[in-house]
Amino acid sequence: LPLCFPQKLWKMLESDQFQSIWWSEGGKCVAINKDLFEVEVLGRGVCQQVFNTRHIKSVIRQLNLYGFTKVQRDIQRSASLPEFLSEEAAASAHSQILYYYNPSFNRAHPWLLGTCKRR
């Protein structure tokens, strides 16, 4: 039987084969490096495809359909201009990383995966 989207996602997160997706927040969030994910996962040949798409928007749509919500990362800014500018550069690189949360998708509670249903 083919795996459903959350099961594929779980296998990717537990695999050491992918550098573009990992557990974040102690196993409670999924972190995706958008640019690397597009090359590493979505850019594969047809016989090696993980998902039946080549577009990150389709993957994000699937995340939303299965109840994942995007988590915003709040970054404190410094008052001094040089520090602020260096923090802005770091935040720009950081903005390529997307964070998604689903209460039924938790590394410490794999049995909850079965409750991850499509809306």
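Treat the numbers as computed from the prediction; the structure is a model and nothing was measured.

S.K.: For this particular structure, what's the right way to read the pattern of salt bridges?
M.R.: Close approach of charged atoms allows side chains of opposite charge to pair. This model, assessed by the stated rule, comprises one salt bridge. With a shortest N-O distance of 3.0 Å, Arg107 and Glu14 are connected by a salt bridge. You can see Arg107 sitting in the segment after strand E4 (97-101) and its partner Glu14 sitting in helix H1 (residues 5-14), a full 93 residues away along the chain.

S.K.: Would you mind showing me how to read the pairing of strand E1 (residues 21-24) here?
M.R.: Two faces belong to every sheet, and in a regular strand the side chains alternate between them. The pairing of E1 with strand E2 (residues 29-33) spans four bridges and is antiparallel. The residue of E2 that forms the bridge with Ile21 is Ile32. If you look at the hairpin formed by E1 and E2, you'll find four residues sitting between the two strands, and Glu25 has a positive phi there, around 55°.

S.K.: Quick question: what am I supposed to make of the environment of His109 here?
M.R.: Turning to its location among the elements, His109 is positioned in the segment after E4. C-alpha of His109 to C-alpha of Gly27: the two residues are 82 residues apart in sequence and 9.3 Å apart in space.

S.K.: Honestly, the sheet that holds E4 in this entry has me stumped. Any pointers?
M.R.: Paired through their backbone hydrogen bonds, the strands of a sheet run either parallel or antiparallel. Read across the sheet, four strands follow the order E1-E2-E4-E3 without closing on themselves; strand pairing throughout is antiparallel. Every other strand in the sheet has two partners, leaving E1 and strand E3 (69-70) as the edge strands with one partner each. Lying over the sheet, H1 contacts E1 and E2, oriented at roughly 85° with respect to E1.

S.K.: Explanation requested: the environment of Gly67 in the structure shown.
M.R.: Looking at the secondary structure, you find Gly67 in the loop between helix H3 (56-65) and E3. C-alpha of Gly67 to C-alpha of Tyr100: the two residues are 33 residues apart in sequence and 9.6 Å apart in space. Apart from the residues lying within four places of it in its own chain, the contact partners of Gly67 are Tyr101, Asn102 and Arg119.

Each value, and the rule that gives it
- All residue numbers here refer to positions counted from 1 along the written sequence of the relevant chain.
- The model is predicted, so local features are restricted to residues of pLDDT at least 70 and side-chain atom pairs to those at 80 or more, both for listing and for counting; the totals for chains, interfaces and linings are taken over all residues.
- Computation of side-chain values covers all heavy atoms of the structure but excludes hydrogens and water.
- Whenever a carboxyl oxygen of Asp or Glu lies within 4 Å of a side-chain nitrogen of Lys or Arg, that contact is scored as a salt bridge.
- Segments assigned H or I by DSSP are reported as helices when at least four residues long, segments assigned E as strands when at least two residues long, and all are numbered from the N terminus.
- The rule for pairing is simple: two strands pair if DSSP sees at least two bridges between them.
- By definition, residues are in contact when any of their heavy atoms lie within 4.5 Å.
- Working convention: axes come from line fits to C-alpha atoms, limited for helices to the stretch in contact. Angles between N-to-C directions cover 0 to 180 degrees.

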